[in-house]
Amino acid sequence: MFAPMRIWRPWHRKINVNQKRYAVVSSITASAVPSLVMARGHRIETVPELPLVAWKGEVEDIRYINRKGPLIVYGTEGAKLVKAFRNIPGVEIANVERLNLLKLIPGGHLGRFVIWTKSAFEKLDSIYGSVDKVSEKKGYMLPRGKMENAELARILIRMRCSRL
């Protein structure tokens, strides 16, 4: 059919809301792991700690390749921050209440360099909850680890050695 009046192909797939929220929370935690952020190509050797709450530095202008730079997440100081960073190539801006999964993990690769404002970082606990607090999102609980010690290989080796 040539030039249909409406698009009839299913370009998007419906996904459960809790799965989307789980993916957003997982990508937020991955942005705090330095090895994942460095594996994506961000140069963070001089960054004192992750997650970064203030930003100093320069953005390189690479010709013809629009690489993804840092993502700046803001809370209450929206209009001034958007005007300040909207013309820098590679830098994207997002509100903490409307975090987009495609901005957090572009191309499906975890570990984007995320710069948080102080108000956005404080607001994360109220939006997604914590171990002690319930989240604002209806019917959502923060995912918890299944194991206390994630080094399963070490535990199994110790158990084998103790049997001998």
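Structure: above.
Overview of the structure. (Residues numbered from 1 in each chain as written. Predicted model: local features only at pLDDT ≥ 70, side-chain atom pairs only at ≥ 80, totals over all residues. Heavy atoms only, no water.)

### Side note on the pattern of salt bridges
Enumeration over the complete set of coordinates arrives at 3 salt bridges. The salt bridge partner of Lys 68 is Glu 92, with a shortest N-O separation of 3.1 Å. One end of the pair, Lys 68, is in the loop between α2 (34–39) and β1 (71–74); the other, Glu 92, is in strand β2 (residues 92–95), with 24 residues separating them in the sequence. In this structure Lys 68 comes out as partly exposed when scored by relative accessible area, which is 41%. Here Glu 92 ties to Arg 112 by a salt bridge, and the two come within 3.0 Å at their closest N and O atoms. Here Glu 92 is found in strand β2, whereas its partner Arg 112 is found in the loop between α4 (101–104) and β3 (114–116), with 20 residues between them in sequence. Taken together, the shared-partner salt bridges connect Lys 68, Glu 92 and Arg 112 into one network. (Salt bridge = Lys/Arg side-chain N within 4 Å of Asp/Glu carboxyl O. Helix = DSSP H or I, 4+ residues; strand = E, 2+ residues; numbered from the N terminus. Buried < 20%, exposed > 50% of the residue type's maximum accessible area, 1.4 Å probe, protein only.)

### Considering the pairing of β1
Every second residue of β1 is oriented toward a common face, with Leu 71 and Val 73 on one face and Ile 72 and Tyr 74 on the other, all of them buried. Pairing between β1 and β2: 4 bridges, direction parallel. Opposite Leu 71, over in β2, you have Glu 92 as the bridge partner. Two elements, β1 and β3, share 3 bridges in a ladder whose sense is parallel. What sits directly across from Val 73, in β3, is Trp 116. (Pairing = 2+ DSSP bridges.)

### Considering helix α5 (residues 118–128)
Those residues of α5 that fall on the buried side of the exposure criterion are Ser 119, Ala 120, Leu 124, Ile 127 and Tyr 128. The buried residues of α5 occupy an angular sector of 150° when projected down its axis, which confines them to one face. Across from the buried face of α5, at angles greater than 90 degrees, the exposed residues are Lys 118 and Glu 122. In this fold, the buried residues of α5 make contact with α1 (17–30), β1 and β3. Phi for Gly 129, located one or two positions after α5, is positive at around 80°. (Arc of directions from axis to C-beta. Contact = heavy atoms within 4.5 Å.)

### As for the nonpolar core
Core analysis: the biggest nonpolar cluster contains 16 residues, and Ile 28, Val 73, Val 96, Leu 99, Leu 104, Trp 116 and Tyr 128 have the highest contact counts within it. At the level of secondary structure, the elements contributing two or more residues to this core comprise α1, β1, β3 and α5. In this view, Ile 28 contacts Leu 99, Leu 104, Trp 116, Leu 124 and Tyr 128; residues no more than four positions away in its chain are not counted. Within the second largest apolar cluster, 12 residues are counted, among which are Ile 72, Phe 85, Val 91 and Ile 93. (Core = buried A, V, L, I, M, F, W, Y, C linked by side-chain atoms within 4.5 Å.)

### Some thoughts on the layout of surface pockets
Empty space within the second largest pocket amounts to approximately 440 Å³. As for the second largest pocket, its lining consists of 18 residues, of which Lys 20, Val 24, Asn 100, Leu 101 and Leu 102 are closest to the centre. Sorting elements by how many residues they give to the lining of the second largest pocket places α1 first, with 6 residues. Residues belonging to the lining of the second largest pocket are distributed by class as follows: 9 nonpolar, 4 polar and 5 charged. (1 Å grid on protein atoms, 1.4 Å probe; cavity = no way out; pocket = protein on both sides within 12 Å on 5 of 7 lines; lining within 4 Å. Points joined across faces, edges and corners; volume = space filled by probe spheres on them. Nonpolar A, V, L, I, M, F, W, Y, C, P; charged D, E, K, R; others polar.)

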